[in-house]
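Geometric and topological summary
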Amino acid sequence: MKPLIFYYSRTGNTKAVAKLIHAQVGGDLVALETQEKRPTNYRAEVDLNACEQLQNQLPPLKTNIPDFEQYD
């Protein structure tokens, strides 16, 4: 078994932190990507997230993790 560091980063900050964690624990590093492009504007992204949460919806993902069971 090995760790999976799975992250979403709009601006690159979370990606940088994920890379630091990966350097310490190893495993695989995977960026979460949605099928449709997310807003680049912070306020538009926050508003979209709020709307999705109110409707109990998650955006469809482009990212797929085969053999998810192999990870801790």
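Higher on the page you've got the structure.
Basis of the calculations
- Residues numbered from 1 in each chain as written.
- Predicted model: local features only at pLDDT ≥ 70, side-chain atom pairs only at ≥ 80, totals over all residues.
- Heavy atoms only, no water.
- Patch = residues over 30% accessible without salt bridge, like charges linked within 9 Å, V, L, I, M, F, W, Y side chains within 5 Å.
- Areas by Shrake-Rupley, 256 points an atom, 1.4 Å probe, with all protein chains shown as cover.
- Salt bridge = Lys/Arg side-chain N within 4 Å of Asp/Glu carboxyl O.
- Helix = DSSP H or I, 4+ residues; strand = E, 2+ residues; numbered from the N terminus.
- Buried < 20%, exposed > 50% of the residue type's maximum accessible area, 1.4 Å probe, protein only.

1. Concerning a nonpolar patch on the surface
On the surface, Val17, Ile21 and Val25 cluster together into a nonpolar patch covering about 240 Å² of accessible area. As for its position among the elements, Val17 is in helix H1 (residues 13-25).

2. As for unusual backbone geometry
Although it is not a glycine, Asn56 sits at a positive phi angle of roughly 55 degrees. Here Asn56 is to be found in the segment after helix H2 (42-54). On the basis of relative accessibility, which here comes to 74%, the residue Asn56 falls in the exposed class. With a phi close to 55 degrees, Asp67 is a non-glycine residue in the positive phi region. Its place among the elements puts Asp67 in the segment after H2.

3. Thoughts on the pattern of salt bridges
Under the defined criterion, the tally for this structure stands at five salt bridges. Across the pair Asp28 and Lys2 runs a salt bridge whose closest N-O atoms are separated by 3.2 Å. A residue pair is termed long-range when its members are at least 10 positions apart, and Asp28 in strand E2 (residues 28-31) and Lys2 in the segment before strand E1 (4-7) qualify at 26 residues. One salt bridge in this structure joins Arg38 and Glu45, with 3.6 Å as the shortest N-O distance.

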